[in-house]
Amino acid sequence: MSKDIPNKKQPITPDMTILDIVSRFRQTEAVFKQFDQKAGECLCCNALFDPLKDVADKYDLNLKELTAELIAAIEE
């Protein structure tokens, strides 16, 4: 579990794992699937227990863009 507790202002934090995010906000799974192509592999399959910031670093993804997309999915 992440040490950062999400709140209404910041529901997703860089320290949250993919598992934390998808288990709390099921609709974010579709966002991770969209980023699979950029990453070159299935993020939910290969980085489920990794913090979002580490996933962004490892797969050379834009953390701000990924976080914004995840939050947008939650707010829809």
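Just above sits the structure.
The rules behind the values
Per chain, residues are indexed from 1 in the order of the written sequence. The predicted origin of the model limits local features to residues at a pLDDT of at least 70 and limits the giving and counting of side-chain atom pairs to 80 or more, whereas totals for whole chains, interfaces and linings rest on all residues. As a convention, hydrogens and water are excluded, and side-chain values are obtained from all of the structure's heavy atoms. The secondary structure listing takes helices from DSSP runs of H or I that are at least 4 residues long and strands from runs of E that are at least 2 residues long, numbered from the N terminus. Relative accessibility decides the category of a residue: with a 1.4 Å probe and only protein chains considered, values under 20% of the type maximum give buried, values over 50% give exposed, and everything between is partly exposed. Note on contacts: a residue pair qualifies if any of its non-hydrogen atoms lie within 4.5 Å across the two residues. Accessible surface is estimated by sampling points in the Shrake-Rupley manner with a 1.4 Å probe; for residues, cover comes only from the protein chains shown. Along the arc lie the directions from the helix axis toward the C-beta atoms. Criterion for a disulfide: a pair of cysteine sulfur atoms within 2.5 Å.

S.K.: I would appreciate a short explanation of the overall build of the protein in the present structure.
M.R.: When helices and strands are counted, the protein shows five helices and zero strands. Counted from the first residue to the last, the protein has its helices and strands arranged as α-α-α-α-α. Counting every position in the protein, which comprises 76 residues, the buried fraction comes to 42%. Across the protein, contacts joining residues at least 24 apart in sequence account for 51% of those joining residues at least 6 apart. About 4,800 Å² of surface is accessible on the protein, with carbon and sulfur atoms providing 51% of the total.

S.K.: Where do I start with helix α2 (residues 29-39) in this structure?
M.R.: Counting along an α-helix, one turn takes 3.6 residues, and residues three or four places apart therefore face a common direction. Among the residues of α2, those classed as buried are Val31, Phe32, Phe35, Asp36 and Ala39. Buried residues of α2, seen end-on, are gathered within an arc of 160° and therefore sit on one face of the element. Of the exposed residues in α2, the ones pointing more than 90 degrees away from its buried face are Lys33, Gln34 and Gln37.

S.K.: Looking at this structure, how should I read the state of the cysteines?
M.R.: The term disulfide refers to a covalent linkage connecting the sulfur atoms of a pair of cysteines. One pass over the structure, following the stated rule, counts one disulfide. Between cysteine 42 and cysteine 45 runs a disulfide, and the two sulfur atoms are separated by 2.5 Å. The sign of the S-S torsion, about 70°, decides the handedness of the disulfide formed by cysteine 42 and cysteine 45: right-handed.

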